[in-house]
Amino acid sequence: MNNKFLVVLATVGLACGIVEAQTSSLSVGTAGLRVWTTDTKGPVQSSPAIGADGTVYVGSDDGYVYALDGKTGAEKWNFWAKDAVMSSPAIGADNTVYFGSKSSMVYALDGESGTLKWEFRTGDAVNTSPAIGPDGTVYIGSDDKKIYAFDGKTGAKKWDFILTGRVRSDIAIGAGGI
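Everything quoted here is computed from the prediction, not taken from an experiment.

For the rest of this paragraph, the subject is the nonpolar core. Grouped together as the largest cluster of nonpolar side chains are 12 residues: Tyr57, Val65, Ala67, Trp77, Phe79, Ala81, Val85, Val97, Phe99, Met105, Tyr107 and Leu109. Every element with two or more residues in this core is listed here: strand 6 (64-68), strand 7 (75-80), strand 9 (96-100) and strand 10 (105-110). A per-element tally of this core places strand 10 first, with three residues. Aside from chain neighbours lying at most four places away, what touches Phe79 is Gly63, Tyr64, Val65, Phe99, Tyr107, Leu109, Gly114 and Leu116.

What follows concerns the environment of Thr37. Topologically, Thr37 is positioned in strand 3 (residues 33-39). Residue Thr37 is classed as partly exposed on the basis of its relative accessible area, which comes to 40%. Considering only alpha carbons, one finds Thr37 and Gly73, 36 residues apart in sequence, at a separation of 6.4 Å.

Quick look at the sheet that holds strand 8 (residues 90-91) now. Spatial ordering of the open sheet is given by 8-9-10-11, a layout of four strands whose pairing is antiparallel. Strand pairing shows two members of the sheet lacking a second neighbour, strand 8 and strand 11 (116-121), which therefore form its edges. Strand direction decides the pairing type here: strand 9 and strand 10, joined by five bridges, are antiparallel. Bridge assignment links Tyr98 to a residue of strand 10, and that residue is Ala108.

With that settled, the discussion passes to the sheet that holds strand 14 (residues 146-151). Taken in spatial order, the four strands of this open sheet run 12-13-14-15, and their pairing is antiparallel. The outermost strands of the open sheet, each flanked by one partner alone, are strand 12 (131-132) and strand 15 (157-162). The pairing of strand 13 (residues 137-141) with strand 14 spans five bridges and is antiparallel. By the bridge assignment, Tyr139 is partnered in strand 14 with Ala149.

Counting buried residues along strand 6, four of its five residues qualify, which places the element largely inside the surrounding structure. Bridge count for strand 5 (residues 56-59) against strand 6 is four bridges, and the pairing is antiparallel. Each bridged residue has a counterpart across the sheet, and for Val58 the counterpart in strand 6 is Tyr66. Taking the residues between adjacent antiparallel strands as the criterion, strand 5 and strand 6 are bridged by four residues, where Gly63 takes a positive phi near 95 degrees. Pairing geometry for strand 6 and strand 7, over five bridges, is antiparallel. In the strand pairing of strand 7, Leu68 is matched with Glu75. Here strand 6 folds back onto strand 7 in antiparallel fashion, the turn holding six residues, of which Gly73 has a positive phi close to 85 degrees.

Under the defined criterion, the tally for this structure stands at eight salt bridges. A salt bridge links Lys146 to Asp160; the nearest nitrogen and oxygen atoms lie 3.8 Å apart. Here Lys146, found in strand 14, pairs with Asp160, found in strand 15; they are 14 residues apart in sequence, far enough to count as distant. The exposure class of Lys146 is partly exposed, given its relative accessible area of 23%. Residues joined by salt bridges that share partners form a network here, namely Asp94, Lys117 and Lys153.

The subject of this paragraph is the packing of aromatic side chains. Inspection of the entire model under this criterion finds 12 aromatic pairs. Ring centres of Phe79 and Phe99 lie 6.3 Å apart, and the angle between their planes is 75 degrees; on these two criteria the pair is classed as edge-to-face. Taken as a pair, Phe79 in strand 7 and Phe99 in strand 9 lie far apart in primary sequence, 20 residues in all. Like Phe99, Phe79 is buried. Following the ring pairs from residue to residue traces out a cluster consisting of Tyr98, Trp118, Phe120, Tyr148 and Phe150. For the cation-ring pair, Lys41 lies above Tyr64, with the distance from its terminal atom to the ring centre recorded as 5.9 Å.

Conventions we followed
Residues numbered from 1 in each chain as written. Predicted model: local features only at pLDDT ≥ 70, side-chain atom pairs only at ≥ 80, totals over all residues. Heavy atoms only, no water. Core = buried A, V, L, I, M, F, W, Y, C linked by side-chain atoms within 4.5 Å. Buried < 20%, exposed > 50% of the residue type's maximum accessible area, 1.4 Å probe, protein only. Helix = DSSP H or I, 4+ residues; strand = E, 2+ residues; numbered from the N terminus. Contact = heavy atoms within 4.5 Å. Pairing = 2+ DSSP bridges. Salt bridge = Lys/Arg side-chain N within 4 Å of Asp/Glu carboxyl O. Phe/Tyr/Trp six-rings, centres within 6.5 Å; stacked < 30°, edge-to-face > 60°. Lys NZ or Arg CZ within 6 Å of the ring centre and 35° of its normal.

By themselves, these observations are geometric and do not establish any function.
Next comes the structure, spelled out in structure tokens:
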């Protein structure tokens with residue numbers, strides 16, 4: 001039985017972001033071995049997401065989201081989000097990659113090609129990470145004091161809810177909803 005798995009770390013360097021992959025195992029105390037390292041052109045403050053095919057998706061303060069080969073770290077594609085991406089990507093069942101940007105935008109990209117599926121402009125920066133409901137609804141908060149719900153396939157806004165302050169924490173979905 002192979003109990004090894006890939007651990008992907010995103011760390012903030014002084015001048016650039018570093019995305020690093022290490023092997024680990026399910027047994028406690030096993031030291032990881034570095035598999036690959038990839039530099040971005042800016043600090044990485046978001047957590048990476050790993051797709052079903054092993055692709056690693058990560059946002060950077062350089063304004064790009066990167067898709068990296070999970071085995072080699074080679075860049076598959078990148079997408080310019082017009083400003084820093086502090087939002088950790090979320091991956092839908094159909095391999096759509098969702099995230100927000102300081103450009104006030106929420107994006108949905110095809111996970112295979114990086115092609116834009118849809119985008120939505122909020123009233124301020126989007127630094128929170130999206131959550132995906134069981135029906136495919138994408139929920140995300142913005143500094144404009146709103147939580148948004150979008151149809152994950154079309155990007156149509158289902159609703160928004162105004163709060164008393166900026167939304168800086170991620171959305172959590174429970175059995176009864178958000």
